[in-house]
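Breakdown of the fold
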Amino acid sequence: MTLTARPGAAGPAAAPRRRPGLRRLRALGGQGPLFTAALLLLAALVLVAALAPLLAPYDPEAMDLTASLVGTGGDHLLGTDQSGRDILSRLLYGARTGLLGPLLVVAVSTVLGTGLGVLAGWRGGRADAVLSRSMDLVFAVPGLLLAIMLVAVTGSGMTAPVVAMAVAYTPYVGRLVRGIARQEKARPYIESYRVQGWSGRTICLRHLLPNIAPTVLAQSAMNFGYALMDLAALSFLGFGVQPPAADWGAMINEGQSAIQQGAMLPALAPSFCIVLAVVAFGIVGEGLADRIAKRER
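Residues numbered from 1 in each chain as written. Predicted model: local features only at pLDDT ≥ 70, side-chain atom pairs only at ≥ 80, totals over all residues. Heavy atoms only, no water.

**Observations concerning the environment of Asp290**
- Mapped onto the secondary structure, Asp290 falls in helix 10 (residues 265–296).
- Taking relative accessible area as the criterion, Asp290 reaches 42% and is therefore assigned partly exposed.
- The spatial distance from the C-alpha of Asp290 to the C-alpha of Ala218 is 9.2 Å, given a sequence separation of 72 residues. (Helix = DSSP H or I, 4+ residues; strand = E, 2+ residues; numbered from the N terminus. Buried < 20%, exposed > 50% of the residue type's maximum accessible area, 1.4 Å probe, protein only.)

In structure tokens:
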């Protein structure tokens, strides 16, 4: 751990300052070809989702029963589904819902989990006990079950599953951040700032959170993949995005009947997209976590 004097301080009153954690992210390049390939794949996926209206050759919801289950090639590169909708167009638009839902889940759960984790780890005592037990209670409820219960009350769509999964994922982040916050709180540079009269809020915002950020980023990358898979599962079960909207999970559900007619692509293509995205997020998250762990040694 590198200790330097706080800018503007002099003499014995200068507090040691731990190198800001966000700077560690500069060294996260060079993870190897697999990490780089996964990162490029995710960048391409985001680009495809953003440009879906320009890239899609057809309206993803336009039905043409006369072109039901048309094979690959010709006017339809990946063929059509049983309703005559272009599979490629639906995959491209499906990337939008496939990424937007997990993004909201990760954003909400990361903010809530980080806040609760820092509060529990920093305050300790009764606040730590209450917050930790509350997170354990939520952690014990399966996210999919919570989503199904919420959908039963509010109705299907994207909102209820996203809210439920965000609540379910918050303890994952909270427990991780709490443990790191407790470790950081015991380090000499934190005690030095407290001796100088710095408030707990200032120390947490200026030093604790930046040092926690890289680990939270790695966890968020993995949570993104998990959330993508969970939300796709909910759509597959009919609790998420509803037809005729393009969604990878819903496309697998709709493609089941096509399998019985010998057409595999309507269900196989979205399944492949989900697996590819989840694996890519997992590789990126694991790569970030491994790199951070090596730099901490």
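**Some words on empty space enclosed by the protein**
- Counted according to the given criterion, the structure contains two cavities of 30 Å³ or more.
- One number sums up the size of the largest cavity: a volume of about 140 Å³.
- If you trace the largest cavity, you find 17 residues lining it, with Thr97, Leu231, Ala232, Ser235 and Asp247 closest to the centre.
- Looking at the lining of the largest cavity, the elements with two or more residues in it are helix 3 (87–123), helix 8 (200–236) and helix 9 (248–260).
- Split by residue class, the lining of the largest cavity holds nine nonpolar, seven polar and one charged.
- Taken as a whole, the second largest cavity spans an internal volume of roughly 50 Å³.
- Lining the second largest cavity are Asp81, Gln82, Ile87, Arg90, Met251, Glu254, Gly255 and Pro266.
- Of all elements in the fold, only helix 3 and helix 9 reach the threshold of two or more residues within the lining of the second largest cavity.
- If you tally residues by element for the lining of the second largest cavity, the top one is helix 9, at three residues. (1 Å grid on protein atoms, 1.4 Å probe; cavity = no way out; pocket = protein on both sides within 12 Å on 5 of 7 lines; lining within 4 Å. Points joined across faces, edges and corners; volume = space filled by probe spheres on them. Nonpolar A, V, L, I, M, F, W, Y, C, P; charged D, E, K, R; others polar.)

**Let's talk about the nonpolar core**
- Among the nonpolar cores identified, the biggest contains 28 residues, and Leu91, Leu99, Leu228, Trp248, Ile274 and Val284 are the most heavily contacted of them.
- Of all the elements in the fold, those that place two or more residues in this core are helix 1 (33–50), helix 3, helix 8, helix 9 and helix 10.
- The element that contributes the greatest number of residues to this core is helix 10, accounting for ten residues.
- In this structure, Trp248 is in contact with Leu45, Leu91, Gly94, Ala95, Pro270, Cys273 and Ile274, ignoring residues within four places of it in sequence.
- In this structure, Val177, Tyr189, Leu208 and Ile212 belong to the second largest nonpolar core, which totals 15 residues. (Core = buried A, V, L, I, M, F, W, Y, C linked by side-chain atoms within 4.5 Å. Contact = heavy atoms within 4.5 Å.)

**Observations concerning the confidence of the model for the protein chain**
- For the protein chain, the mean per-residue pLDDT works out to 83, and 89% of the residues sit at or above 70.
- When the criterion is pLDDT under 50, residues 1–30 qualifies, and its contacts beyond four places in sequence or with other chains add up to 57 contacts. (pLDDT = per-residue confidence, 0-100.)

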